[in-house]
Amino acid sequence: MECDNIVDIDVNKLDNGQKIRILKKAIEKFGLSYVAQKLGIDRSTLYRYVAVKVKRVPDEIVSRAAEMLSVEELSDAIYGLKTIDVDPTVALSVIIKALRDDGFRNFFLTLLYQYLGDYLNTVTRTYIVNEEDLTSSPP
């Protein structure tokens with residue numbers, strides 16, 4: 001029932017709150033017993049982690065829990081971002097905000113290249129030939 005997670009996160013860079021949110025997201029998705037079993041810990045230990053009764057959650061535990069989640073679920077757990085249906089108006093609003101706001105533009109482009117970098121590189125190197133290209137004479 002685990003996801004084929006293509007994102008390899010560096011849990012050392014996460015704060016304790018983000019680590020706990022990853023555990024909570026896995027529990028929300030699969031249930032406490034299943035997650036504890038997959039993580040190789042008992043239910044009470046997992047409960048103590050998410051109830052913040054233990055100061056530090058081991059990185060190995062968080063890494064295994066992260067592997068159980070999809071990219072969208074990880075994004076939601078780490079950054080608090082939820083995916084929504086986006087229509088052309090919303091997409092255009094994002095582009096306009098990126099044009100006007102340097103900080104947002106850097107954040108947005110970083111995410112684009114992180115998740116769609118290979119695709120973007122392929123698309124920027126392709127050109128779709130249309131009928132006009134075939135019938136017009138070269139310059």
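Just so we're clear, the structure is a prediction, and the values are computed from it rather than from any experiment. (Residues numbered from 1 in each chain as written. Predicted model: local features only at pLDDT ≥ 70, side-chain atom pairs only at ≥ 80, totals over all residues. Heavy atoms only, no water.)

Visitor: Residues and numbers for the nonpolar core, please.
Guide: In terms of nonpolar packing, the biggest core is built from 25 residues, with Ile 22, Leu 23, Val 35, Leu 39, Leu 46, Val 57 and Ile 61 touching the most fellow members. Mapped onto this core, the elements with two or more residues apiece are helix 1 (16-30), helix 2 (32-39), helix 3 (43-50), helix 4 (59-67) and helix 5 (71-79). Of all the elements, helix 1 adds the most residues to this core, at 6 residues. Setting aside residues up to four positions removed in sequence, Ile 61 forms contacts with Leu 23, Leu 39, Ile 41 and Tyr 49. (Core = buried A, V, L, I, M, F, W, Y, C linked by side-chain atoms within 4.5 Å. Buried < 20%, exposed > 50% of the residue type's maximum accessible area, 1.4 Å probe, protein only. Helix = DSSP H or I, 4+ residues; strand = E, 2+ residues; numbered from the N terminus. Contact = heavy atoms within 4.5 Å.)

Visitor: Provide a residue-level description of the environment of Leu 109, including the pertinent values.
Guide: As for its placement among the helices and strands, Leu 109 is situated in helix 7 (residues 102-124). Judged by relative accessible area, which is 36%, Leu 109 ranks as partly exposed. The sequence separation of Leu 109 and Ala 98 amounts to 11 residues, and the corresponding C-alpha distance is 8.7 Å.

Visitor: If you had to explain the packing of helix 1 against helix 2 to someone new, which residues and values would you point to?
Guide: Contact geometry for helix 1 and helix 2: axes closest at 7 Å, N-to-C directions at 120°. As far as their axial angle goes, helix 2 and helix 1 are oblique. Across the interface between the two elements, Leu 23, Ala 26, Ile 27 and Phe 30 from helix 1 touch Leu 32, Tyr 34, Val 35 and Leu 39 from helix 2. Of the residues in the contact of helix 1 with helix 2, the class split is 8 nonpolar, no polar and no charged. (Axes fitted to C-alpha atoms, helices over the stretch in contact; angles between N-to-C directions. Parallel < 35°, antiparallel > 145°, perpendicular 65-115°, else oblique. Nonpolar A, V, L, I, M, F, W, Y, C, P; charged D, E, K, R; others polar.)

Visitor: Account for unusual backbone geometry, with residues named and values stated.
Guide: Its identity as a non-glycine residue notwithstanding, Val 52 has a phi of 55°, on the positive side. Tracing the backbone shows Val 52 in the loop between helix 3 and helix 4.

Visitor: Describe the confidence of the model for the protein chain, with residues and values.
Guide: Confidence in the prediction of the protein chain, expressed as mean pLDDT, is 85, and 89% of residues score 70 or more. The lowest-confidence element of the protein chain is helix 8 (residues 131-135), averaging 82 in pLDDT; the highest-confidence one is helix 2, averaging 96. (pLDDT = per-residue confidence, 0-100.)

Visitor: Please provide a residue-by-residue account of the packing of aromatic side chains, values included.
Guide: Here the structure, examined in full by the defined rule, presents 3 aromatic pairs. When the ring of Phe 30 is compared with that of Tyr 34, the centres are 5.3 Å apart and the planes differ by 35°; the resulting orientation is tilted. On the basis of an interplanar angle of 10° and a centroid distance of 5.9 Å, the ring pair of Phe 104 and Phe 108 is categorised as stacked. Here the residue Phe 104 and the residue Phe 108 both occupy positions in helix 7, the gap between them amounting to 4 residues, near one helical turn. With relative accessibility at 25%, the residue Phe 108 sits in the partly exposed group. Every member of this aromatic cluster is reached through a ring pair, and the members are Phe 104, Phe 107 and Phe 108. Directly above the aromatic system of Phe 104 lies the positively charged group of Lys 97, at a separation of 5.4 Å from the ring centroid. (Phe/Tyr/Trp six-rings, centres within 6.5 Å; stacked < 30°, edge-to-face > 60°. Lys NZ or Arg CZ within 6 Å of the ring centre and 35° of its normal.)

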